Amino acid sequence: MNPVQRLSRLAHILPAAALLLIITTEVSTQTRDEAAERLRAAVQRELASPLFTRALAAVEIVDMESGSVLFSRNTDLLLRPASNTKLFTTAAALLGLPRDFAFETAAYIDSSAGGGATLWIRASGDPLLRSEDIQKLADLIRSAGVTRLAALALDGSALDTLSYGPGWMWDDLPSVSAPVLSAFASNGGVRRLALAAPAKDGEPVSVTDVDPCVLGVIRSSARSGARDRFEIGGDPLGTTIVIHGTVQRGTTEHEDVADRQPEQTFVCRLRAALKRAGVELHDGGAVQRGMVPARASRVGAVTHRLDEAVAQCNVESDNLAAELLLKHVGAVKRGGAGSTAAGIEAGRALWAGMGVDTAAVRLVDGSGMSFYNLVSAASIGALLRGMYRSPQRDRYVASLAVMGTSGTLARRLVNAEGARHVRGKTGTVSGVSALSVYVLPPSGRPLSVVMLMQNFAGGHTPYRAVQDSIVLHCLAYAVRRSR
């Protein structure tokens with residue numbers, strides 16, 4: 001029986017209102033099906049690009065209200081997530097740490113020993129600690145009536161002593177993307193270099209540290225030239241920075257590398273801050289290490305809220321924030337010094353509690369730098385939907401970059417209609433481009449969209465363009481589907 005015959009028969013036995021409801025429902029269902037089919041066809045066309053002749057794409061699109069899978073390709077394959085790993089890290093942090101959790105750098109005074117007072121600093125590994133915070137701490141010490149110190153002492157027992165993540169590439173270590181993981185990291189673990197080129201071609205480039213507290217050997221053969229064509233490298237396990245190439249004549253370029261001695265940098269910044277605050281250090285203050293003794297008196301602390309660090313991690317794709325967050329999850333949920341391994345162990349239980357198939361999640365770090373990380377697109381999608389259903393939804397969504405507006409998504413789909421209703425996380429390492437987002441148009445259908453693209457040679461730009469096109473198709477569906 002065709003639809004016309006069916007409706008004709010029903011007209012004889014049903015009231016007009018009931019018949020109208022059936023007609024409206026059938027038309028609505030047909031419209032929904034057509035919209036979903038248009039979306040599937042559009043995504044298929046995008047993935048038919050020659051870009052994927054040799055490269056791999058895993059894509060999942062799910063209507064989060066109905067649970068309907070609108071598109072799925074290669075979603076069960078284990079692939080490298082790059083910085084999409086941070087979605088797991090920040091979910092574990094919001095679910096596993098107390099809502100009022102804060103990173104703390106605290107000062108204590110021990111006056112019991114002969115020869116003067118010792119200043120103890122207990123650092124927790126605050127990824128947001130800056131020079132101004134260290135100055136604030138020094139001012140608090142002075143406000144407590146301390147004017148002279150015999151020694152400084154550091155307590156970094158909140159975290160383990162592993163400086164790097166498993167599977168990090170040795171040639172990434174001079175880069176800010178591979179920060180030294182330390183309880184005493186400050187200013188993002190960054191060492192900023194100033195490369196000043198003379199006006200005459202072929203002259204040596206002057207290289208200096210912008211902050212004199214950041215120390216390390218610089219070996220430069222860079223010369224002034226017609227344009228910037230320089231590279232920065234160095235000993236992967238040492239502190240020497242090597243620079244060669246050319247810097248455009250008459251200009252000064254600033255480049256960031258990892259601070260390879262964060263503890264020494266912290267001490268230098270603290271000494272300078274104490275001097276400005278009017279606190280005298282005997283002979284510059286000898287440095288001890290250990291745990292704050294019970295007899296010491298607390299004089300003050302500087303803190304940063306959990307949500308600030310989670311946003312820094314997701315919006316800016318900050319690797320230091322990701323790694324330190326995960327270590328703290330391990331400390332709170334498993335006890336003892338915070339470690340990456342303990343954080344992942346705790347995270348697995350939290351992710352599984354939201355319906356994530358953890359058999360498809362193999363993570364060894366919190367940032368996505370490691371080449372050992374493997375996850376499926378389906379597991380990321382399940383994580384997004386689990387967090388969207390959780391009491392932490394608003395905090396999690398707010399921590400993500402806004403398409404065309406902020407963080408790593410600031411330059412994508414700029415001025416595109418509806419782009420500001422897309423929030424998500426990018427992932428980029430050599431041969432890998434990932435994008436996982438929520439599509440959340442007002443009064444529209446909320447979607448989770450996961451795209452993992454990898455095993456390609458060359459630049460990331462064309463793969464990002466495909467991702468952005470798929471996002472636009474999803475926006476069009478979400479709005480159309482809601483009508």
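Above this text you will find the structure in question.
It should be emphasised that the depicted structure is a prediction, and the values quoted were computed from it without experimental measurement.

> What's the story with the environment of Leu274 in this structure? I'm lost.
Residue position: Leu274 is located in helix α5 (residues 262-277). The sequence separation of Leu274 and Leu350 amounts to 76 residues, and the corresponding C-alpha distance is 42 Å. In contact with Leu274, not counting residues within four places along its chain, are Leu119, Ala138, Ile141, Leu149, Leu152, Val279 and Leu281.

> Please clarify how the pattern of salt bridges should be interpreted in this entry.
Working definition: two side chains of opposite charge can pair if their charged atoms are close together. Under the criterion given, the structure shown has 19 salt bridges. Between Arg298 and Glu104 there is a salt bridge, with its nearest N and O atoms 2.8 Å apart. A residue pair is termed long-range when its members are at least 10 positions apart, and Arg298 in strand β14 (residues 297-305) and Glu104 in strand β3 (residues 102-110) qualify at 194 residues. With a shortest N-O distance of 3.8 Å, Arg148 and Glu280 are connected by a salt bridge. Residue Arg148 is found in strand β5 (residues 148-155), and its partner Glu280 is found in strand β13 (residues 280-289); the two are separated by 132 residues along the sequence. Salt bridges linked by common partners bring Asp63, Glu65 and Arg445 together as one network.

> Hey, could you run me through the packing of helix α3 (residues 85-96) against helix α6 (residues 306-315) in this one?
Think of two packed helices as two axes; the pair is described by the angle between the axes and how far apart they sit. Contact pair α3 / α6: the axes reach a minimum separation of 10 Å and the direction vectors enclose 175 degrees. Our classification of the angle between α3 and α6 gives roughly antiparallel. Where α3 approaches α6, its residues Lys86, Leu87, Thr90, Ala93 and Leu94 are matched on the opposing element by Leu306, Asp307, Val310, Cys313 and Asn314. Residues of the contact of α3 with α6, tallied by class, amount to 6 nonpolar, 2 polar and 2 charged.

> I'm lost on the sheet that holds strand β12 (residues 252-258) in this one. Help?
Read across the open sheet, the 3 strands follow the order β7-β6-β12; overall the sheet is antiparallel. Edge positions in the open sheet fall to β7 (206-209) and β12, since each of these has one partner strand only. Taking each pair of neighbouring strands and ignoring which way they run, the sheet shows an average axis angle of 25 degrees. In this structure, strand β6 (residues 190-196) lies alongside β12, joined through 7 bridges in antiparallel fashion. The residue bridging Ala196 from the neighbouring strand is Thr252, located in β12.

> Explanation requested: the sheet that holds strand β17 (residues 401-402) in the structure shown.
Sheets are built from strands that pair by backbone hydrogen bonding, the pairs being arranged parallel or antiparallel. Overall, antiparallel pairing links the 6 strands, which are arranged β2-β1-β20-β19-β18-β17 in an open sheet. In this open sheet, the two edge strands, each paired with only one partner strand, are β2 (69-73) and β17. Where strand β18 (residues 422-429) meets strand β19 (residues 432-439), 8 bridges bridge the pair, whose relative direction is antiparallel. Counterpart to Arg423 in the pairing with β19 is Tyr438.

> Just to check I follow, could you spell out the environment of Leu154 for this structure?
One can find Leu154 in strand β5. A relative accessible area of 4% places Leu154 in the buried class. Taking C-alpha positions, Leu154 is 37 Å from Val361, a pair spaced 207 residues apart along the chain.

> Would you mind showing me how to read the pairing of strand β20 (residues 447-454) here?
Within a regular beta strand, the side chains point alternately toward one face of the sheet and then the other, so they alternate between its two faces. With 8 of its 8 residues buried, β20 lies for the most part within the structure. Along β20, one buried face is formed by Leu447, Val449, Met451 and Met453 and the opposite face, lined by Ser448, Val450, Leu452 and Gln454, is buried too. Two strands pair when backbone bridges link them, and strand β1 (residues 56-63) and β20 are joined in this way by 8 bridges, in the antiparallel orientation. Each residue of the ladder has a partner; that of Ala58, found in β20, is Leu452. In this sheet, β20 lies alongside β19 in antiparallel orientation, the contact comprising 8 bridges. Following the sheet pairing, Val439 is matched in β20 by Leu447.

Thresholds applied
- Residues numbered from 1 in each chain as written.
- Predicted model: local features only at pLDDT ≥ 70, side-chain atom pairs only at ≥ 80, totals over all residues.
- Heavy atoms only, no water.
- Helix = DSSP H or I, 4+ residues; strand = E, 2+ residues; numbered from the N terminus.
- Contact = heavy atoms within 4.5 Å.
- Salt bridge = Lys/Arg side-chain N within 4 Å of Asp/Glu carboxyl O.
- Axes fitted to C-alpha atoms, helices over the stretch in contact; angles between N-to-C directions.
- Parallel < 35°, antiparallel > 145°, perpendicular 65-115°, else oblique.
- Nonpolar A, V, L, I, M, F, W, Y, C, P; charged D, E, K, R; others polar.
- Pairing = 2+ DSSP bridges.
- Buried < 20%, exposed > 50% of the residue type's maximum accessible area, 1.4 Å probe, protein only.

Purely geometric stuff here, so don't read any function into it on its own.
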